[in-house]
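# Chain and residue survey
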Amino acid sequence: MQRRRFVSLACQTAIVGAWPAWALQASAQEGTTPGLTDQAIHIASSVPLTGTLVGFGQAVQKGAGAAFAEINAQGGIYGRQIRLHLVDDGYDPERSVANIKNILQERKALALLSCVGTPNNTAITPLIEAAGIPHVAPITGAASLRKAQQSVFHVRAGYSEEVISLVQRLVGMGLKGIAVVYLDNGYGRELQGVAAAELQRLEATPAAELALEVKGDNANAVLQALKQARPSAVLLLTAGTSSLSMIQGIKQQLPGVLMAGLSSTIQGLKLDDAASGMAVTTIVPDPNRGKNGVVRNYQAAMQAQGEQEFSQGSLEAYINAHVLAYGLRLCVCVRLPALPPAPAKGVGSRRAGAAGARCGRARRPARSLFAPSPPAARGRALRRGSGSSHWS
């Protein structure tokens, strides 16, 4: 109980501390706060709604959309409705950069929520830091992105912890000749380095280390190399639809070989019987078992939106949305009426300054929050729109 309270308070303090730089800068420039009106708080996210990681984007859309609909049905944040706007990047870092630049230039959002992908977040983080706009709960566990940033606040567990745990478990089982298949981009290469270091520390030699193209175009070549290596287990450091082709191929061509992967390896995928039997790490509770209040609230919120299928990805997004909502409730910038455009230079600066002084007491960012505990929903969520939309 004390740990939950500590994490919740850490979330609140960290997020609140990021608001003034972005909000006050905007107020000084044009007299208005980006993404904030008297009726709504606009939140944006660059996610893959097409391409190999489409399941990740759909999870954010459904989980965060359900959370915001739940909050909006209860009156929103100080009477303002939360609006989530998703912009498709197809898991392409260049498109992510273009999306974030547009959001910043057009002043479309008060904050960012759960932008997806390690290479994508690597590309957009400098823009986010320069602008000072808060980015809460990016969908990445890369250690390279968990530095002393002022505007980015991580919620999910790190990939390194997941990889190390899996390697230790596989080696501890006495398995010899563990093969590593990793996605051939920044995400996969970073995790391959973590796996290699842990295998070396445990004095275990990998049977093979194979790079899988992001779209899985070389899947057959990777499978052939695995057959030649004859591993006892395969560690899949992959993501998206390319993971599915590898899992199915290994099941068919290397029967009996143990497969293991991260929470991100199978996120957003629908695994049939041909792809069953894989061991994976998890970073959230079982979304199908309502043993705790968070999961029960999540299930109710999803069902209120007509969603009957639950997943770890949408549960993670639901939790992330509530963490963001915590910060919004504590931010005095949001409690105040929206600032109108200034009729003359300096008008409204006193109000903005007061908000900044009250919001900006905590400046130290939280690096990683492993077990967020969002507030329990009070009452049953009413059926309303999800509060999400798409920007072209």
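Once that is clear, we can look at the environment of Ser-314. Structurally, Ser-314 is set in helix α10 (residues 312-330). Classification of Ser-314 by relative accessible area gives buried; the value is 2%. Between the alpha carbons of Ser-314 and Tyr-298 there is a distance of 8.9 Å; along the sequence they are 16 residues apart. Look past the residues within four positions of Ser-314 in its chain and what remains in contact with it is Ala-59, Gly-63, Tyr-298 and Met-302.

For the rest of this paragraph, the subject is the pattern of salt bridges. Taken as a whole, this structure holds 7 salt bridges when the rule is applied. The partner of Lys-62 in a salt bridge is Glu-307, with the nearest N and O atoms 3.9 Å apart. Pair noted here: Lys-62 is in helix α2 (residues 54-73) and Glu-307 is in the loop between α9 (293-304) and α10, with a separation of 245 residues, a long-range link. Owing to a relative accessible area of 23%, Glu-307 belongs among the partly exposed residues under this scheme. Salt-bridge contacts for Arg-189 lead to Asp-184; the nearest nitrogen and oxygen are separated by 2.8 Å. Note on Arg-189: relative accessible area 44%, which makes it partly exposed.

Along the chain, Ser-263 falls in the loop between β9 (258-261) and β10 (279-280). Beyond its immediate stretch of four places on either side in the chain, Ser-263 contacts Arg-156, Glu-162, Thr-281, Thr-282 and Ile-283.

A word on the packing of α2 against α10. Viewed as axis vectors pointing N to C, α2 and α10 meet at an angle of 45°, and their least axial separation amounts to 7 Å. Considering the angle they form, α2 stands oblique to α10. For α2 against α10, the interelement crossing comes out right-handed. Packed against α2, whose contacting residues are Ala-59, Val-60, Gly-63, Ala-64, Ala-67, Phe-68, Glu-70 and Ile-71, the element α10 presents Gly-313, Ser-314, Ala-317, Tyr-318, Ala-321, His-322, Leu-324, Ala-325 and Arg-329 at the interface. Across the contact of α2 with α10, the residue classes break down as 11 nonpolar, 4 polar and 2 charged.

Each value, and the rule that gives it
Residues numbered from 1 in each chain as written. Predicted model: local features only at pLDDT ≥ 70, side-chain atom pairs only at ≥ 80, totals over all residues. Heavy atoms only, no water. Helix = DSSP H or I, 4+ residues; strand = E, 2+ residues; numbered from the N terminus. Buried < 20%, exposed > 50% of the residue type's maximum accessible area, 1.4 Å probe, protein only. Contact = heavy atoms within 4.5 Å. Salt bridge = Lys/Arg side-chain N within 4 Å of Asp/Glu carboxyl O. Axes fitted to C-alpha atoms, helices over the stretch in contact; angles between N-to-C directions. Parallel < 35°, antiparallel > 145°, perpendicular 65-115°, else oblique. Left-handed = near helix turned anticlockwise from the far one by under 90°. Nonpolar A, V, L, I, M, F, W, Y, C, P; charged D, E, K, R; others polar.

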